[in-house]
Amino acid sequence: AAWCIERALHSALEQTRALDEIIVVNDGSTDNTARIVARFEGPVKLLNKANGGLSSARNAGIRAAQGEWIAFLDADDYWLPEKTQLQLQQLLTRDGLGFCSTRTRIEDETGDIKGFWDCPETAISTIHTIFARNAAIAGSGSSVMAGRELLMDAGLFDESLRSLEDIDMWMRLAAKSEYVCIDTPLSVVVKHRGSMSGNRET
């Protein structure tokens, strides 16, 4: 992630509500990602581990985190400045909420806007909505903020899955708590040739 990690980190550091910690999980990279991250100071912490895949990396970050709330960000995506502040306002003021995401802007490698990942319309419940449409949770792994205790209680990300591990997790969170989506584009997903997901609808 050497080509994109600085953008992701700057977007986390530039949040209007300063983050207590930023944990970068280096999942056995073979480029100079770790050296780039090591140049950052303040709340940025580098966690090096042997390659284990996306679920393993996310779980390592969750276990290392000290905060009550955890926000996920893939290295090739980034946040807009008010993202975490507005999410915390929702999560801290509404009883029963366990996780939150935001409407998400989709860009290509050149920065051109290709569309938006909209908040879901929930007719029955969040879990029904996810079963009906897998990509219902707007922004997915680069937009969700969730309670650390809820993530631990749900069993963390399934490390046996090589894809759709995020959808599996959102289903398990939705079975235990409520979800809200902020209808403002505050997360940015960058689509490129190396993206794990080529189609947000599948």
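Data block above holds the structure.
Small disclaimer: the values here were computed from a predicted structure and weren't measured.

A. A look at the overall build of the chain. Within the chain, the regular secondary structure consists of seven helices and eight strands. Reported as C-alpha extents along the three principal axes, the dimensions of the chain are approximately 45 × 35 × 35 Å. Split into buried and exposed, the 202 residues of the chain put 48% on the buried side. Considering only intrachain contacts with a sequence separation of at least 6, the fraction spanning at least 24 residues in the chain is 70%. Between the centroid of the 21 positive side chains of the chain and the centroid of its 29 negative side chains there is a distance of 2 Å.

B. Inspection of the pairing of strand β1 (residues 22-27) at higher detail. Relative to strand β2 (residues 44-49), β1 runs parallel, the two sharing six bridges. Among the inter-strand pairings, Val 25 is bridged to a residue of β2, identified as Leu 47. Viewed along the sheet, the connection from β1 through helix α2 (residues 33-38) into β2 turns out right-handed.

C. A look at the side chain of Thr 104. By the element assignment, Thr 104 lies in strand β5 (residues 97-107). Given the relative accessible area of 0%, Thr 104 is considered buried. Of the polar contacts made by the side chain of Thr 104, one reaches the backbone oxygen of Thr 102; its length is 2.9 Å. Ignoring any residue separated from it by four or fewer positions in sequence, one finds Thr 104 in contact with Gly 115, Phe 116, Trp 117, Ala 138, Gly 139, Ser 143, Pro 185, Ser 187, Val 188 and Val 189.

D. Fine view of the pairing of strand β6 (residues 113-117). Looking at chain direction, β5 and β6 are connected through four bridges and run antiparallel. By the bridge assignment, Arg 105 is partnered in β6 with Phe 116. As consecutive antiparallel partners, β5 and β6 are separated by five residues, and within that stretch Gly 111 has a phi angle of approximately 95 degrees, a positive value.

E. Summary view of the nonpolar core. Counting 28 residues, the largest nonpolar core has Phe 72, Phe 99, Ile 130, Leu 151, Trp 170 and Leu 173 as its most contacted members. Listed by contribution, the elements that provide at least two residues to this core are β5, α6 (148-153), α7 (165-174) and β8 (178-190). Among the elements that make up this core, the one with the highest residue count is α7 (six residues). For Ile 130, the residues in contact, after removing those within four places along its chain, are Ala 136, Ile 137, Ile 167, Trp 170, Met 171 and Ala 174. With eleven residues, the next largest nonpolar core counts Ile 22, Ile 36, Val 37 and Phe 40 among its residues.

F. Here's a closer look at unusual backbone geometry. A positive phi is found at Ser 140, a non-glycine position, where the angle reads about 45 degrees. Relative to the elements of secondary structure, Ser 140 occurs in the loop between α5 (126-132) and β7 (145-147).

G. Structural view of the packing of aromatic side chains. One pass over the full model with this rule turns up five aromatic pairs. Where Phe 72 meets Trp 170, the ring centres are 6.4 Å apart and the plane angle is 50 degrees; that geometry is what we call tilted. Residue Phe 72 is found in the loop between β3 (69-71) and β4 (78-79), and its partner Trp 170 is found in helix α7; the two are separated by 98 residues along the sequence. Taking relative accessible area as the criterion, Trp 170 reaches 1% and is therefore assigned buried. Centre to centre, the rings of Phe 99 and Tyr 179 are 4.9 Å apart; their planes meet at 40 degrees, and the pair counts as tilted.

H. Inspection of the environment of Ala 2 at higher detail. Position of Ala 2 among the secondary structure elements: in the segment before α1 (5-13). Separated by 33 residues in sequence, Ala 2 and Arg 35 place their C-alpha atoms 8.9 Å apart. Those residues in contact with Ala 2 that sit more than four places away from it in its chain are Asp 31, Asn 32, Thr 33 and Ile 36.

I. A look at helix α4 (residues 83-93). Within α4, the full set of buried residues consists of Lys 83, Thr 84, Gln 87, Leu 88 and Leu 91. Down the axis of α4, the buried side of the element spans an arc of 115 degrees, and every buried residue falls inside it. In this structure, the buried side of α4 is in contact with β3, β4, β5, β7 and β8.

Cut-off values and rules
Residues numbered from 1 in each chain as written. Predicted model: local features only at pLDDT ≥ 70, side-chain atom pairs only at ≥ 80, totals over all residues. Heavy atoms only, no water. Helix = DSSP H or I, 4+ residues; strand = E, 2+ residues; numbered from the N terminus. Buried < 20%, exposed > 50% of the residue type's maximum accessible area, 1.4 Å probe, protein only. Contact = heavy atoms within 4.5 Å. Lys, Arg positive; Asp, Glu negative; His and termini not counted. Charge placed at Lys NZ, Arg CZ, Asp CG, Glu CD. Pairing = 2+ DSSP bridges. Right-handed = clockwise from strand over helix to strand, strands pointing away. Polar contact = N/O pair within 3.5 Å; in protein donor to acceptor, adjacent residues only side chain to side chain. Core = buried A, V, L, I, M, F, W, Y, C linked by side-chain atoms within 4.5 Å. Phe/Tyr/Trp six-rings, centres within 6.5 Å; stacked < 30°, edge-to-face > 60°. Arc of directions from axis to C-beta.

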